Structure formats: structure tokens, C-alpha cells
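# Overview (structure and organization)
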Amino acid sequence: MTYEAMSCDLQNLLDKLELPKCILIGHSMGGKTAMTMALHWPGMVEKLVVVDISPNRSVSRRVFPDYFAAMKAVTVDADWPRSTARNRAEQQLQPFIEDAHTRWFILSNLVERNGRYVWRVNIEAVTNNMEHLMGFPEFNTPFTAPTIFLGGANSPYIR
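Below is a short write-up of the structure.

Criteria and thresholds
- Residues numbered from 1 in each chain as written.
- Predicted model: local features only at pLDDT ≥ 70, side-chain atom pairs only at ≥ 80, totals over all residues.
- Heavy atoms only, no water.
- Helix = DSSP H or I, 4+ residues; strand = E, 2+ residues; numbered from the N terminus.
- Buried < 20%, exposed > 50% of the residue type's maximum accessible area, 1.4 Å probe, protein only.
- Contact = heavy atoms within 4.5 Å.
- Phe/Tyr/Trp six-rings, centres within 6.5 Å; stacked < 30°, edge-to-face > 60°.
- Lys NZ or Arg CZ within 6 Å of the ring centre and 35° of its normal.
- Pairing = 2+ DSSP bridges.
- Right-handed = clockwise from strand over helix to strand, strands pointing away.
- Axes fitted to C-alpha atoms, helices over the stretch in contact; angles between N-to-C directions.
- Patch = residues over 30% accessible without salt bridge, like charges linked within 9 Å, V, L, I, M, F, W, Y side chains within 5 Å.
- Areas by Shrake-Rupley, 256 points an atom, 1.4 Å probe, with all protein chains shown as cover.
- Salt bridge = Lys/Arg side-chain N within 4 Å of Asp/Glu carboxyl O.
- Lys, Arg positive; Asp, Glu negative; His and termini not counted.
- Charge placed at Lys NZ, Arg CZ, Asp CG, Glu CD.

## A few points about the overall build of the protein chain
In terms of helices and strands, the protein chain carries seven helices and five strands. Start at the N end of the protein chain and walk to the C end: the helices and strands fall as α-β-α-β-α-α-α-β-β-α-α-β. Principal-axis analysis of the C-alpha atoms places the extent of the protein chain at approximately 50 × 35 × 30 Å. When burial is assessed residue by residue, the protein chain has 36% of its 159 residues classed as buried. Once local pairs closer than 6 in sequence are excluded, the contacts in the protein chain between residues at least 24 apart make up 67%.

See below:
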């Protein structure tokens, strides 16, 4: 899992959808993927919107491995309605993730798929590639099309 590989996936998707040019929006890891795509294939990106991330090494987040370990430990019954499943998952995450907003953000990735609850994010791939994902690829040329960076006032991810 690298930004280069994810940007290739995105480029292939745009080709498959027959979209020769697009306005690309990416948040967090998706923002780094969008920036990588724009730098690799600038002719395909008309405008770029990057939300809550910058093209630098991300702020060190020592808590991420703990978050992923807590997510892996969550068990929810496939027969439960979505609201019950999320409520039970939140109860299981609470001892490990004190901040309610962080838990709610994480819980937004709990989805029902093929009759069971799973995490939308590939926890193993992210965990195994965390060092790379915290960085950003080196480029020697700038992206010159219109670009905007959006970030919250208290975000540690925009520098």
C-alpha cells in the first residue's frame, strides 16, 4: 500500500470511467493519494482540493497502532441492526479510545458486508505500511493547476 500504487488505481478507475480530466477531491490519506495522482498525471486533474492533510510527513500519531489493535478486537453479531452493532462496537472501543469524536470517526468505518460487520479500511494493510503512509513521495515538479487546501483550525495535519 503506497500512494503511488493508490494513485495508479485512481488513474485506472478514471480511464475505465472514460473521464479524461477531473476535479479531484481527497481527504486525509485520500488527499495524499489525490496529490500523488495530480503530480504523476497532471493532465488528468483540472483542479485539486485537498482536505485536512499536507504533502509532508504527517504528524507522528503513536496512537494509531493502539486504535488498529482495538478495532481488530471488536466483535459484533451479524444479526444485530446497524445501530446496535455500532453501539456495541463503541462500548468495546471506549476503554482504548477515550475521545468520543475519534471513536465516532472510527465507527464510521464499520459497515455491513455480505451479512457481517467489517471495517471498511484494510487494517492489516494500513498497519503494515504505516511508516510509508505517514510520509509523502518525492517529486521534482510542481502541480500548477488550481489547488486549494482545506483544514480545520485545530487540525494537526495541515502545515
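Still to come is the rest of the account.
## A short note on the packing of aromatic side chains
One pass over the full model with this rule turns up one aromatic pair. For Arg-88, the ring lying beneath its charged end belongs to Trp-80, and the centroid distance is 4.6 Å.

## A word on the pairing of strand E2 (residues 45-51)
Pairing between strand E1 (residues 22-27) and E2: six bridges, direction parallel. Paired with Cys-22 across the strands is Val-45, a residue of E2. In this fold, E1 hands off to helix H2 (residues 29-40), which returns the chain to E2; that crossover is right-handed. Two strands pair when backbone bridges link them, and E2 and strand E5 (residues 147-150) are joined in this way by four bridges, in the parallel orientation. Bridging from a neighbouring strand, Val-49 pairs with Ile-148 of E5.

## Here's the deal with the sheet that holds E5
Paired through backbone hydrogen bonds, the strands of a sheet run either parallel or antiparallel to each other. Reading across from one edge, E1-E2-E5 is the order of the three strands in this open sheet, with parallel pairing throughout. Either end of the sheet is taken by a strand with one partner, and the two such strands are E1 and E5. Shown here is a sheet whose adjacent strand axes are inclined to one another by a mean of 15 degrees, direction ignored. Its contacts with the sheet put H2 on E1, E2 and E5, and the angle it makes with E1 is roughly 145 degrees.

## Description of a positive patch on the surface
Side chains of Arg-82, Arg-113, Arg-116 and Arg-120 sit close together on the surface and give a patch of like positive charge. Assignment of secondary structure puts Arg-116 in strand E4 (residues 116-119). Residue classification places Arg-116 among the exposed positions, given a relative accessible area of 52%.

## So, the environment of Thr-75
Relative to the assigned elements, Thr-75 resides in the loop between helix H3 (64-73) and helix H4 (82-93). The exposure class of Thr-75 is exposed, given its relative accessible area of 54%. The spatial distance from the C-alpha of Thr-75 to the C-alpha of Ile-123 is 15 Å, given a sequence separation of 48 residues.

## Here's the deal with unusual backbone geometry
A positive phi angle, near 60 degrees, is found at Asp-52, a position not held by glycine. With respect to the helices and strands, Asp-52 occurs in the loop between E2 and H3.

## Considering a nonpolar patch on the surface
On the surface, a nonpolar cluster with roughly 260 Å² of combined accessible area is contributed by Leu-13, Leu-17 and Leu-19. Its location among the elements puts Leu-17 in the loop between helix H1 (3-16) and E1.

## Observations regarding the pattern of salt bridges
Evaluated as defined, the whole model comprises two salt bridges. In this structure, the salt-bridge partner of Glu-124 is Lys-72, at a minimum N-O distance of 2.8 Å. One end of the pair, Glu-124, is in helix H6 (residues 123-128); the other, Lys-72, is in helix H3, and 52 residues separate them in sequence.

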